[in-house]
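Geometric and topological summary
For reference, the chains in residue letters:
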Amino acid sequence: MFRGNRADREFREAQRAGQALLAMHTEWPEAPAPVSAPAPAAPTDSTVVPDFLPPEFRAPCRQDVSGFMMRWDLPLVIDGEVHACHCGAYRNWIVFNMRDDSVWLRCEAGHEAHETRLDSAWYNRNSGPVDHFHPTLEDGLRHLGH
């Protein structure tokens, strides 16, 4: 019985201490009156360094590439059923996410089809980080083993 009262009392004391701490940080001091700055002097030998990475260190953005691709080795289940190509392939897909947010599938035989039931959000949820950028589609397919 007394153990519960002591816990309640300690909890209320901790609450009061927290509220006092918050109240202390919500009172802001008055801002100083603005002082007119002196006229800027002529620039000396100091050079202005840009605040952005040089182009050779920047990663390409989504608009700079035609699309993204990833391997999908397991059977691809869309809306509760296993997706199969017209040639009978149902696994080892290459999934493309194009710049226009369309998703395309390519089987091992090279058949490609636009898959309207998948979108960029699905691709982003299921893909890992980008590990390579390829100048051509063939280089990308070779990298992924197709």
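The structure contained in this document is the topic of the report that follows. Note that this is a predicted model, so its numbers are computed, not measured.

1. Considerations on the sheet that holds strand β5 (residues 103–106)
On the basis of which strands lie adjacent, the open sheet formed by 4 strands has the order β1-β4-β5-β6 and antiparallel pairing. Looking at the sheet topology across the chains shown, the edges are occupied by β1 (67–72) and β6 (112–114). Taking each pair of neighbouring strands and ignoring which way they run, the sheet shows an average axis angle of 25 degrees. The pairing of β1 with strand β4 (residues 93–98) spans 6 bridges and is antiparallel. Bridge pairing in β4 places G67 opposite M98.

2. A word on unusual backbone geometry
Even without glycine at this site, D79 takes up a positive phi of about 55 degrees. Structurally, D79 is set in the loop between β2 (77–78) and β3 (81–82). Overall, D79 belongs to the exposed group, its relative accessible area being 64%. The phi dihedral of N92 falls on the positive side, at around 60 degrees, and the residue is not glycine.

3. Re a positive patch on the surface
Taken together, R6, R9, R12 and R16 make up a surface patch of like positive charges. Mapped onto the elements of the fold, R6 is located in helix α1 (residues 2–26).

4. A closer look at the environment of C87
Secondary-structure assignment places C87 in the loop between β3 and β4. Residue classification places C87 among the partly exposed positions, given a relative accessible area of 41%. Separated by 22 residues in sequence, C87 and A109 place their C-alpha atoms 8.0 Å apart. In this structure C87 touches C107, A109 and H111, once residues within four positions along its chain are discounted.

5. Some details on the layout of surface pockets
The method is simple in principle: a probe with the dimensions of a water molecule rolls over the atoms, and the space it marks as empty is what remains. Empty space within the largest pocket amounts to approximately 600 Å³. The wall of the largest pocket is formed by 25 residues, among which G67, F68, M69, H132 and H134 lie closest to the centre. Listed by contribution, the elements that provide at least two residues to the lining of the largest pocket are β1, β4, α2 (120–126) and α3 (137–143). It is β1 that provides the largest number of residues to the lining of the largest pocket, a total of 4 residues. Partitioned by chemical class, the residues of the lining of the largest pocket number 13 nonpolar, 10 polar and 2 charged.

6. Some words on the pattern of salt bridges
A full pass over the atoms with the stated rule returns 5 salt bridges. Ionic pairing is found between E81 and R117, a salt bridge with its closest N-O pair at 4.0 Å. Remark: R117 occurs in the loop between β6 and α2 and E81 occurs in strand β3; sequence separation between them is 36 residues. For E81, a relative accessible area of 49% corresponds to the partly exposed category. Given the relative accessible area of 38%, R117 is considered partly exposed.

What counts and what doesn't
- Residues numbered from 1 in each chain as written.
- Predicted model: local features only at pLDDT ≥ 70, side-chain atom pairs only at ≥ 80, totals over all residues.
- Heavy atoms only, no water.
- Pairing = 2+ DSSP bridges.
- Helix = DSSP H or I, 4+ residues; strand = E, 2+ residues; numbered from the N terminus.
- Axes fitted to C-alpha atoms, helices over the stretch in contact; angles between N-to-C directions.
- Buried < 20%, exposed > 50% of the residue type's maximum accessible area, 1.4 Å probe, protein only.
- Patch = residues over 30% accessible without salt bridge, like charges linked within 9 Å, V, L, I, M, F, W, Y side chains within 5 Å.
- Areas by Shrake-Rupley, 256 points an atom, 1.4 Å probe, with all protein chains shown as cover.
- Salt bridge = Lys/Arg side-chain N within 4 Å of Asp/Glu carboxyl O.
- Lys, Arg positive; Asp, Glu negative; His and termini not counted.
- Charge placed at Lys NZ, Arg CZ, Asp CG, Glu CD.
- Contact = heavy atoms within 4.5 Å.
- 1 Å grid on protein atoms, 1.4 Å probe; cavity = no way out; pocket = protein on both sides within 12 Å on 5 of 7 lines; lining within 4 Å.
- Points joined across faces, edges and corners; volume = space filled by probe spheres on them.
- Nonpolar A, V, L, I, M, F, W, Y, C, P; charged D, E, K, R; others polar.

The values are spatial; any link to function lies outside them.
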